Amino acid sequence: MISVDEHRAQVTELLGRRPAVSKPVTECAGLVLAEDVAATVSLPPFDNSAMDGYAVRSADVAGASEDAPVELAVGTDIPAGRVDVPALPPGTAHRIMTGAPMPEGADTVVMVERTDGGTTRVRVHAESAPGTHVRRTGEDVTAGTVALSAGTVCGPAQLGLASAVGRDTLAVYVPPRVLVVSTGTELVLPPEPLTHGRIYESNSVMLGAALRALGCEVSTVRSVADDIDSFRAAIEPRLADVDLVVTSGGVSAGAYEVVKDTLTGAGVTFTKVAMQPGGPQGSGTWDGVPVVTLPGNPVSVLVSFEAFLRPAILTSLGHADPERTRMRARLLETLTSPPGKRQFRRGFYSHPDGDVTGVVGPRGGPASHLLAALSQANCLIVLDEDTTEVAADSEVDVLLL
Ligand SMILES: Nc1nc2c(c(=O)[nH]1)N[C@H]1C(S)=C(S)[C@@H](COP(=O)(O)OP(=O)(O)OC[C@H]3O[C@@H](n4cnc5c(N)ncnc54)[C@H](O)[C@@H]3O)O[C@H]1N2
Ligand code: MOO
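The written sequence of each chain sets the order in which its residues are numbered from 1. Ligands are numbered from 1 and chains lettered from A, in the order in which they are written. Two thresholds apply to this predicted model, a pLDDT of at least 70 for residue-level local features and 80 or more for giving and counting side-chain atom pairs, whereas whole-chain, interface and lining totals are computed over all residues. Computation of side-chain values: all heavy atoms of the structure, hydrogens and water removed.

Draft legend 1. Looking closely at the site of ligand 2. Lining the immediate surroundings of ligand 2 are P277, G278, G279, P280, P295, N297, S300 and S368. Here an oxygen atom of ligand 2 and a backbone polar atom of G278 are 2.5 Å apart. Here an oxygen atom of ligand 2 sits 2.2 Å away from a polar atom, N or O, in the side chain of S368. Under the scheme applied, nonpolar residues are Ala, Val, Leu, Ile, Met, Phe, Trp, Tyr, Cys and Pro; charged residues are Asp, Glu, Lys and Arg; polar residues are all the others, including Gly. Of the residues in the shell around ligand 2, the class split is three nonpolar, five polar and no charged. We call a residue near a given molecule or strand whenever any one of its heavy atoms falls within 4 Å of it. Whenever a nitrogen or oxygen atom comes within 3.5 Å of another N or O atom, the pair is scored as a polar contact, on the condition that within protein one atom can donate a hydrogen and the other can accept it, and that pairs from neighbouring residues in sequence are kept only if both atoms are in side chains.

Draft legend 2. Region of interest: the packing of aromatic side chains. Any Phe, Tyr or Trp ring, taking Trp's six-membered ring, that has another such ring centre within 6.5 Å forms a pair; planes under 30 degrees apart are called stacked, those over 60 apart edge-to-face, and the others tilted. Applying the stated criterion to the full structure yields one aromatic pair. Here, over-ring charges are defined by two tests on the NZ atom of lysine or the CZ atom of arginine: distance to the ring centre within 6 Å, and angle to the ring normal within 35 degrees. R17 extends its terminal NZ or CZ atom over the ring of Y173, reaching a point 4.9 Å from the ring centre.

Draft legend 3. Representation of the UniProt feature "domain: MoaB/Mog" (unreviewed entry) in the chain. UniProt positions are given in the numbering used here, feature names are shortened, and annotations may be inferred rather than shown by experiment. UniProt records the feature "domain: MoaB/Mog" (unreviewed entry) for residues 179-315 in the present numbering. Here a helix means four or more residues in a row that DSSP labels H or I, a strand means two or more in a row labelled E, and each is numbered from the N terminus. Along residues 179-315, the helical share is 31% and the strand share 31%, with 19 Å between the first and last C-alpha atoms.

Draft legend 4. A look at the pattern of salt bridges. Any carboxyl oxygen of Asp or Glu within 4 Å of a side-chain nitrogen of Lys or Arg constitutes a salt bridge here. If you walk through the whole model with that rule in mind, you get 19 salt bridges. The shortest N-O distance in the salt bridge between E192 and R198 comes to 3.6 Å. What makes R198 partly exposed here is its relative accessible area of 31%. Measuring nitrogen to oxygen at the nearest pair gives 2.7 Å for the salt bridge that ties E201 to R222. With E201 in the loop between β14 (199-200) and α3 (203-212) and R222 in strand β15 (residues 217-224), this residue pair connects regions lying 21 residues apart in the sequence. With a 1.4 Å probe rolled over the protein chains alone, any residue whose accessible area is under 20% of its type maximum counts as buried; one over 50% counts as exposed, and the rest are partly exposed. The class for R222 is partly exposed, based on a relative accessible area of 26%.

Draft legend 5. Inspection of the site of ligand 1 at higher detail. Ligand 1 sits among 23 residues. The nearest are E186, E201, V251, E257 and K272. Within the contact set of ligand 1, an oxygen atom lies 3.1 Å away from a side-chain nitrogen or oxygen of S252. K272 is positioned with one of its side-chain polar atoms (N or O) 2.5 Å from an oxygen atom of ligand 1. All accessible areas in this document rest on Shrake-Rupley with a 1.4 Å probe, and a residue is counted as covered only by the protein chains that are shown. Protein contacts shield 68% of the accessible area of ligand 1, which totals 870 Å² for the unbound molecule. Secondary structure elements with two or more residues in the shell around ligand 1: β12 (177-183), β14 and α6 (298-316). For the shell around ligand 1, the per-class residue count stands at eight nonpolar, 11 polar and four charged.

Draft legend 6. Local environment of the packing of α3 against α6. The interhelical angle for the contact between α3 and α6, taken along N-to-C directions, is 25°, at an axis separation of 11 Å. Considering the angle they form, α3 stands roughly parallel to α6. Taken as a pair, α3 and α6 cross one another with a handedness that is right-handed. Residue-level contacts link N203, M206, L207, A210 and L211 of α3 to P298, V301, L302, F305 and I313 of α6. Grouping the constituent residues of the contact of α3 with α6 by class yields nine nonpolar, one polar and no charged. Interaxial angles span 0 to 180 degrees and are taken between N-to-C directions of axes, which are lines fitted to C-alpha atoms, for helices over the stretch in contact. Throughout this description, any angle smaller than 35 degrees is read as roughly parallel, any larger than 145 degrees as roughly antiparallel, any in the 65 to 115 degree range as roughly perpendicular, and the remainder as oblique. Two helices that cross are described as forming a left-handed crossing if the nearer one is turned anticlockwise from the farther one by less than a right angle, and a right-handed crossing if clockwise. Contact definition: two residues touch when any of their heavy atoms are within 4.5 Å.

Draft legend 7. Main features of the environment of L332. Note that L332 resides in the loop between β21 (326-331) and β22 (335-336). Here L332 falls in the partly exposed class, since its relative accessible area comes to 46%. Residues L332 and V360, 28 residues apart in the sequence, show an inter-C-alpha distance of 6.0 Å.

In structure tokens form, the structure reads like this:
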């Protein structure tokens, strides 16, 4: 029996670090930068107006007020995008739009609402200090500096910034192509009707969704019979096209453990991990392709994904912190846990108004076939290896899903 942390370390080492590739910025959401992005331009790239109004010299509108407006001749219009902006002669105003370049000579912008909106002459009803409503060159980013560092997760704001400094591609770690395989002679796919003793296959759909959420490209073999020849025939031809194989089922102690029977001695090590659910696990390689074998019970599959695959894949993709957000929460019911095992119970975490901790109630018992309870959960309650009981009202760790 090995610990959760030991198995996680093995799976993380197995997956290693993904290669970096250049991708269009539009395809980089959620991925991690494999390069520093240097700004080749400043942001803003030029002094420009923050308001629709009039570019003026502040000295020319000094003392202006509602009762004593200052009247100036209007020179020209400067819409955003105009490149041939004439300088501003003293005692005049240029009509300027938000984002348009400031004319030489102007040091401030008066909002149109503080004027009569004139097009040949304008009455200005307010003073405007130098710099008012002017966005200065480089006040956000200075050309030549690093706008985004390697290791940054590309969310919407980061991709916006990369685009604003002129990048249309980025070097990012490319997510793996994953083959998801569900084993079990009992598995049936809709619309085939269920006969007694068989069940509808669900693990591959669940795993596929979890993997795609990390950016993985997923292909699936949804139902392989518990037979070594069928298993080999279904998987071996596909190995060349994937970076990782994830199987479910066929790894425990029965007489028909197809995954274990096929891969033992062929590069995959099977072991028991001190956790509940998700005890029977395996990892290794098959013809050089990394393989992670999960137990078949649906809740075990998703808990194993959270405990091992998710952190290993995120690490392989360059994430510095692959952990789920961990919170302390007040437990609403007493829970028990087997000694020596880390238990992951499904829970619902909420945060009543004014509560600084949050509360969590279990959803379903510890058994690993309770898929409906899992579907109502938004967190895993973690009871560590030394804990056998946690009383209601005690604080526990929860991992937010
Ligand atoms: N004598 C022992 N029996 C079992 C042990 C043990 O240590 N000794 N461990 C139990 C635990 S814990 C688990 S978990 C399971 C793991 O068994 P397998 O990985 O071999 O999985 P299967 O037997 O193939 O399936 C388990 C369960 O899950 C259902 N299943 C499987 N695949 C799917 C799927 N794709 N979609 C939906 N449901 C699926 C399957 O029908 C079984 O009910 O072993 C225990 N036994
Ligand atoms: O450890 Mo099993 O994975 O409880 O169902």
